[in-house]
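Examining the three-dimensional arrangement
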Amino acid sequence: MATHDDRLQSRLRRQLLMGMAAAPLAGLLPKSAMAQAPATSAVNTTGLAVTDTEVTVGILHSVTGTMAISETGSVQAEKLAISQINETGGVLGRKIKFIQEDGASDWPTFAEKAKKLLVNDKCAAVMGCWTSASRKAVLPVFEQYNGMLYYPTFYEGLEQSKNVIYTGQEATQQIIAGLDWVVKEKGAKTFYLLGSDYIWPRTSNKIARKHIENFMKGTKVVGEEYFPLGHTQFNSVINKIKLTKPDVIYAIIVGGSNVAFYKQLKAAGIDMSKQTLVTISVTEDEIDGIGGDNIAGAYACMKYFQSLDNANNKEFVAAFKKMWGEKTVIGDVTQAAYLGPWLWKLTVEKAGSFDVDKVAAASPGIEFLKAPEGYVKIHENHHLWSKTRVGLAQKDGQFKVVYESPELIEPNPFPKGYQ
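Residues numbered from 1 in each chain as written. Predicted model: local features only at pLDDT ≥ 70, side-chain atom pairs only at ≥ 80, totals over all residues. Heavy atoms only, no water.

**Some thoughts on the pattern of salt bridges**
Tallied over the entire structure, the rule returns 18 salt bridges. One salt bridge in this structure joins Asp 121 and Lys 116, with 2.5 Å as the shortest N-O distance. Under the relative-accessibility criterion, Asp 121 is labelled buried at 18%. By relative accessible area, Lys 116 is classed as partly exposed at 25%. In this structure, Arg 202 engages Asp 197 in a salt bridge whose closest nitrogen and oxygen atoms are separated by 2.6 Å. (Salt bridge = Lys/Arg side-chain N within 4 Å of Asp/Glu carboxyl O. Buried < 20%, exposed > 50% of the residue type's maximum accessible area, 1.4 Å probe, protein only.)

**What to know about the nonpolar core**
In terms of nonpolar packing, the biggest core is built from 78 residues, with Phe 191, Leu 194, Trp 200, Tyr 250, Phe 261, Tyr 262 and Leu 277 touching the most fellow members. With six residues, helix 6 (residues 171–186) is the largest single contributor of residues to this core. Those residues in contact with Phe 191, other than ones at most four positions away along the chain, are Leu 179, Val 182, Val 183, Ile 212, Met 216, Thr 219, Lys 220, Val 221, Val 222, Gly 223, Pro 246 and Val 248. In this structure, Ala 125, Met 148, Phe 354 and Val 356 belong to the second largest nonpolar core, which totals 48 residues. (Core = buried A, V, L, I, M, F, W, Y, C linked by side-chain atoms within 4.5 Å. Helix = DSSP H or I, 4+ residues; strand = E, 2+ residues; numbered from the N terminus. Contact = heavy atoms within 4.5 Å.)

**Structural notes on the confidence of the model for the protein chain**
Across the protein chain, the average pLDDT comes to 92, with 92% of residues at or above 70. Put simply, helix 1 (residues 4–19) is where the protein chain has its lowest mean pLDDT, 45, and strand 4 (residues 149–151) is where it has its highest, 99. Long-range and interchain partners of residues 1–35, a stretch whose pLDDT sits below 50, account for 62 contacts in this model, where long-range means more than four residues apart. (pLDDT = per-residue confidence, 0-100.)

**Points about unusual backbone geometry**
Located in the positive-phi region is Ala 104, a residue other than glycine, with phi close to 60 degrees. Turning to its location among the elements, Ala 104 is positioned in the loop between strand 2 (95–102) and helix 4 (107–120). Owing to a relative accessible area of 30%, Ala 104 belongs among the partly exposed residues under this scheme. Residue His 382 is not a glycine yet carries a positive backbone phi of 70 degrees.

**Overview of the sheet that holds strand 13 (residues 384–385)**
Here we have three strands laid out as an open sheet, ordered 11-12-13, and antiparallel in their pairing. Of all strands in the sheet, those bounded by a partner on one side alone are strand 11 (367–368) and strand 13. With two bridges joining them, strand 11 and strand 12 (residues 376–378) adopt antiparallel strand pairing. Residue Glu 367 lies in a different strand from strand 12, and its bridge partner there is Lys 377. (Pairing = 2+ DSSP bridges.)

**Looking at helix 5 (residues 132–144)**
Here helix 5 contains 13 residues, and its C-alpha end-to-end distance of 19 Å stays within 8% of the 18 Å for a straight helix at 1.5 Å per residue. Of all the bends found along helix 5, the most pronounced is centred on Val 138 and spans about 30 degrees, while Pro 140, a proline, follows it within four residues. When helix 5 is considered as a whole, its buried residues turn out to be Ser 132, Ala 133, Ser 134, Arg 135, Val 138, Leu 139, Val 141 and Phe 142. The secondary structure elements touched by the buried residues of helix 5 are strand 1 (54–61), helix 4, strand 3 (126–128), strand 4, strand 5 (164–166) and helix 7 (199–215). Just past helix 5, the residue Asn 146 takes up positive phi, approximately 55 degrees. (Expected span 1.5 Å × (residues − 1). Bend = angle between axes of the 7 residues up to and from the residue.)

**Overview of the packing of helix 4 against helix 5**
It is at 8 Å that the axes of helix 4 and helix 5 come closest, and there the two elements cross at 35 degrees. The element helix 4 and its partner helix 5 pack so that their crossing is right-handed. Only Ala 133, Ser 134, Ala 137, Val 138, Val 141 and Phe 142 of helix 5 make contact with helix 4, whose side of the interface consists of Trp 107, Phe 110, Ala 111, Ala 114, Lys 115 and Leu 118. Looking at the contact of helix 4 with helix 5 residue by residue, the class counts come to 10 nonpolar, one polar and one charged. (Axes fitted to C-alpha atoms, helices over the stretch in contact; angles between N-to-C directions. Left-handed = near helix turned anticlockwise from the far one by under 90°. Nonpolar A, V, L, I, M, F, W, Y, C, P; charged D, E, K, R; others polar.)

**Quick look at the sheet that holds strand 15 (residues 399–404)**
Reading across the sheet, the seven strands line up as 7-6-8-9-10-14-15 and stay open at both edges, with mixed pairing between neighbours. Two strands close off the open sheet at either side, each with one partner strand: strand 7 (220–227) and strand 15. Each neighbouring strand pair of the sheet contributes to a mean axis angle of 25 degrees, computed without reference to strand direction. Pairing geometry for strand 10 (residues 299–302) and strand 14 (residues 389–393), over four bridges, is antiparallel. Across the sheet, the residue bridging to Cys 301 is Val 390, located in strand 14. Relative to the sheet, helix 7 contacts strand 6 (190–196), strand 7 and strand 8 (248–252), its axis offset from that of strand 7 by approximately 175 degrees.

**Considerations on the pairing of strand 9 (residues 276–279)**
The side-chain alternation of strand 9 yields two buried faces, one formed by Thr 276 and Val 278 and the other by Leu 277 and Thr 279. Pairing analysis gives four bridges linking strand 8 to strand 9, with the strands arranged parallel. In the strand pairing of strand 9, Tyr 250 is matched with Val 278. The parallel pair strand 8 and strand 9, bridged by helix 9 (residues 257–267), forms a crossover whose chirality is right-handed. The sheet contact formed by strand 9 and strand 10 spans two bridges and is parallel. Bridging across to strand 10, Val 278 finds its partner in Tyr 299. (Right-handed = clockwise from strand over helix to strand, strands pointing away.)

**Side note on the packing of helix 3 (residues 68–87) against helix 13 (residues 332–351)**
Close contact between helix 3 and helix 13 brings their axes to 7 Å; oriented N to C, the two are set at 35 degrees. Regarding helix 3 and helix 13, the two cross each other, and that crossing is right-handed. Contact residues: helix 3 offers Gly 73, Ser 74, Ala 77, Glu 78, Leu 80, Ala 81, Ile 82, Gln 84 and Ile 85, while helix 13 offers Val 333, Thr 334, Ala 337, Tyr 338, Pro 341, Trp 342 and Lys 345. Its residues assigned to classes, the contact of helix 3 with helix 13 comprises 10 nonpolar, four polar and two charged.

Here's what the structure looks like:
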């Protein structure tokens, strides 16, 4: 008998196969005639896969294994962006061709596939990774072979590279801002920290603990535990939470483990209308597997929710659902993944070249006015200016935005006092 994970991965694979059969999508930008393409010798001096008519990029995410539930949306968003860019004229007069590789939720595999995309396929850029473990695995490869990675996931910060554009949020924009919100709005004093057992949850909770203990008056951590990726038995820690009675459960559990965790919370009688739970790892993508009934009442701190009410987002959601089906959902990382191809296109056109060194140098100051989240701009540290938002999970699988920072928050991957 097929398991829940088997059925879920089968559905995700079917969605990915059907997506590129959909009609090309336009609408987020006015359609333009193909511009006169500059000579290949002028825009490609380093031997990248660029011809007079095409440029090749890589897509590197997990579409199998425990992380497929989270990363499939990123693949879908990147393919949508590429389709739209091609429909509106391509990049420097060239259509984008992509080569997709499966990281298979395995960090050495990510490194191996990254090397293939850069060395064998000579991709001009790669859109990829989800977990910090996968990013850390591929970073030496991108730096050694001078590739350009557009990384879409909110992450722990404490990193900056010429070879990476970080299109998700770092810790000051998500962790610190979210903790400040829950203390102010809920009067929270005690926190129980949970996470999957790898670098992002552990480092993020280290930052959270320092903020709770050193920067917020009268607050403390009353528990902290970690679980292997793919873990499905959470009853022991749920019992500890019931005994400890923290004001806030702070959860950084990733991938398919979320399905078991939230179902077991509900089965144990934890009512999230009374027990505050804040997550920085569950987006609408994961709720599609968890089920809205099992997570309704939880809060998520992100920069994007599918329910955002702005013209950019309405056009993006309509285009996404047209390509991938009306029942598909769009989470924070999916939106951040959509930004990657567009930011790369804008940067290449500013630089007048596909050469990675020139693209890296031209990146600071690039603005994408049609970003679904509203507006983004690349900082000199290769992260994005963005707003912090808090969403309340609904039974229909959507998040209702209950807080939005009044201004864009400047990215600071190396905040003082948190390292």
